[in-house]
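The chain contents come next:
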Amino acid sequence: MAVGISLVITLWGMDLGHLWVALKAADWRWLVLAALANVASQTTRAIGWNAMFTESRIRFPLLVRIEFAAQAAAAVSPEGVGEFVRIGYLLREGIARTVTVTLMMVRKFFSSLGLVPFLVPFLVFVWWPGSDVPGWAATVAWVYLAVLTVESVLIVRVARTPSAPAREGRLRKVVFDARTALGPVRRPRVFAEVGAAALATRALDFLAAVAIAKALDLPLSVAVLVVVLLSIEVSNILPTLPGQLGTFEAAVLGATAGVLGQAEGLAFALVLHVQQVLPQIPLGMIAMADTSILRNRSKRDSS
């Protein structure tokens, strides 16, 4: 309801004809490039997962299919369902729930960390004349970096090799298993591989945003596009409808306010959102329709 009300207020009085003109003028060649960047980003996410599974090796094509399946589920269902799908598939591969949940949080941390190489130049660029960056964006960027710094310290402390719990108890065992699951991330090679995969994913997201801006012929600077990615990332923590419907558009509209008109901003938000969701749904459905992904490890090994 909050998302619906905010969108009604934001879009009140919009000229839908102007919006249609902006969408109709899109160059499909740039849109194809953006869609390919989205598909490639799912592969780089799977590379990050592959790097974390050092003991229980899972075939990389299977990890790619799981990634598409999880993203497709997230696009058409309430928030969090996609991760339940991932837990279910990895459970069939012998990966315990505690391990998967722990690694999901680690991957999310690295995903956020992948924005840092874009944010540091952005904070320098903010003070350049003509950057068209709203004042609140710099504040959000500094807060975002501060939160990541605190998270980094906590992860370093938690990731230290744990000792077995002195007393029995379900909660103590869960905490011990979670800290044990961080073992691979403590290795410099794994840390570097997961970080590089996250950076590549963010670079592909940025490339897609640039391609869509080119497709719609919108004058968006590099700094504004970084604000767009940052706003979308922050909006991920809010309660949302399936596929971030509403919060995604509101985040992009807020990031481009003052730079684009209302119709152009919404056109950019809609196309960017479709680019992120549309390729994932059919490819994810194909992955889920593949019966081999539903077999457990013992059945697959015996076949």
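Treat the numbers as computed from the prediction; the structure is a model and nothing was measured.

(A) Inspection of a nonpolar patch on the surface at higher detail. Taken together, Trp28, Val32 and Leu36 make up a surface patch of nonpolar side chains, about 350 Å² in accessible area. Within the secondary structure, tryptophan 28 sits in helix α3 (residues 28–52). Relative accessible area serves as the criterion here: at 59%, tryptophan 28 is assigned to the exposed category.

(B) How the structure looks around the environment of leucine 260. Here leucine 260 lies in the loop between α12 (247–256) and α13 (262–277). Judged by relative accessible area, which is 12%, leucine 260 ranks as buried. Spatially, the C-alpha atoms of leucine 260 and leucine 218 are 7.9 Å apart, while their sequence positions differ by 42 residues. Setting aside residues up to four positions removed in sequence, leucine 260 forms contacts with Leu218, Pro219, Leu220, Gly265 and Phe268.

(C) Region of the structure containing the packing of aromatic side chains. Enumeration over the complete set of coordinates arrives at 4 aromatic pairs. Seen from their ring centres, phenylalanine 118 and phenylalanine 206 are 5.6 Å apart, and the 35 degrees between their planes marks the pair as tilted. One end of the pair, phenylalanine 118, is in helix α7 (residues 116–125); the other, phenylalanine 206, is in helix α10 (residues 188–215), and 88 residues separate them in sequence. Members of the aromatic cluster, each reached through a chain of ring pairs, are Phe109, Phe110 and Phe191.

(D) Seen up close, the nonpolar core. Core analysis: the biggest nonpolar cluster contains 72 residues, and Leu119, Phe122, Leu220, Phe268 and Leu272 have the highest contact counts within it. For this core, the leading source of residues is α10, giving 10 residues. Ignoring any residue separated from it by four or fewer positions in sequence, one finds leucine 272 in contact with Ala209, Ile212, Val228, Ile232, Phe248 and Val252.

(E) Structural detail: helix α5 (residues 81–92). With 12 residues, α5 should cover 16 Å at 1.5 Å per step; its first-to-last C-alpha distance of 17 Å lies within 8% of that length. For α5, the full list of buried residues reads Gly82, Val85, Arg86, Ile87, Tyr89 and Leu90. Just downstream of α5 lies glycine 94, where phi reads positive at about 90 degrees.

Definitions and cut-offs
Residues numbered from 1 in each chain as written. Predicted model: local features only at pLDDT ≥ 70, side-chain atom pairs only at ≥ 80, totals over all residues. Heavy atoms only, no water. Patch = residues over 30% accessible without salt bridge, like charges linked within 9 Å, V, L, I, M, F, W, Y side chains within 5 Å. Areas by Shrake-Rupley, 256 points an atom, 1.4 Å probe, with all protein chains shown as cover. Salt bridge = Lys/Arg side-chain N within 4 Å of Asp/Glu carboxyl O. Helix = DSSP H or I, 4+ residues; strand = E, 2+ residues; numbered from the N terminus. Buried < 20%, exposed > 50% of the residue type's maximum accessible area, 1.4 Å probe, protein only. Contact = heavy atoms within 4.5 Å. Phe/Tyr/Trp six-rings, centres within 6.5 Å; stacked < 30°, edge-to-face > 60°. Core = buried A, V, L, I, M, F, W, Y, C linked by side-chain atoms within 4.5 Å. Expected span 1.5 Å × (residues − 1).

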